Amino acid sequence: MEYVSALLPPVVMAVFFIGLVRVIVKTQGGAAKAKEDAAVDAALERAAGARQTAAAPNGDA
């Protein structure tokens, strides 16, 4: 019976991982895809703007 206790955790983790992958794949696209893409694009724009602001010289030399 030791083999059962040795195999149970990896099997349980594999089942949960497969379930997680299925949920991720199923939720790709759909009605909210454009909204999610717009939110990601906006976040990327804010990050790019913050990098440009931080990299801009401020005139103090």
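Before reading further, recall that the structure is shown in the block above.
Residues numbered from 1 in each chain as written. Predicted model: local features only at pLDDT ≥ 70, side-chain atom pairs only at ≥ 80, totals over all residues. Heavy atoms only, no water.

K.L.:
Any chance you could explain the overall build of the protein here in plain terms?
P.N.:
For the protein, the helix and strand inventory stands at two helices and zero strands. Taken over the C-alpha atoms alone, the protein extends approximately 75 × 40 × 5 Å along its principal axes. Scored against the burial criterion, the 61 residues of the protein give a buried share of 0%. With an accessible surface of roughly 5,700 Å², the protein has 69% of that area assigned to carbon and sulfur atoms. Separation of charge centres in the protein, based on 6 positive and 6 negative side chains, amounts to 10 Å. (Helix = DSSP H or I, 4+ residues; strand = E, 2+ residues; numbered from the N terminus. Buried < 20%, exposed > 50% of the residue type's maximum accessible area, 1.4 Å probe, protein only. Areas by Shrake-Rupley, 256 points an atom, 1.4 Å probe, with all protein chains shown as cover. Lys, Arg positive; Asp, Glu negative; His and termini not counted. Charge placed at Lys NZ, Arg CZ, Asp CG, Glu CD.)

K.L.:
Is there a simple way to think about the environment of Phe 16 in this case?
P.N.:
Checked against the element boundaries, Phe 16 lands in helix α1 (residues 2-27). A relative accessible area of 62% means that Phe 16 is categorised as exposed.

K.L.:
Would you take a moment to explain the pattern of salt bridges for this structure?
P.N.:
For side chains bearing opposite charge, pairing can occur when the charged atoms are close. In this structure the tally under the stated criterion is one salt bridge. Note that Asp 37 and Lys 33 form a salt bridge whose closest N and O atoms lie 3.0 Å from each other. Of this pair, Asp 37 and Lys 33 both sit in helix α2 (residues 33-55), four residues apart, which is roughly one turn of the helix. Given the relative accessible area of 36%, Asp 37 is considered partly exposed. (Salt bridge = Lys/Arg side-chain N within 4 Å of Asp/Glu carboxyl O.)

K.L.:
Would you explain a nonpolar patch on the surface in this entry?
P.N.:
A contiguous nonpolar patch, built from Met 1, Tyr 3, Val 4, Leu 7, Val 11 and Val 15 and spanning about 660 Å² of accessible area, is present on the exposed surface. Following the sequence through the fold, Val 11 ends up in helix α1. Overall, the relative accessible area of 47% leaves Val 11 in the partly exposed class. (Patch = residues over 30% accessible without salt bridge, like charges linked within 9 Å, V, L, I, M, F, W, Y side chains within 5 Å.)

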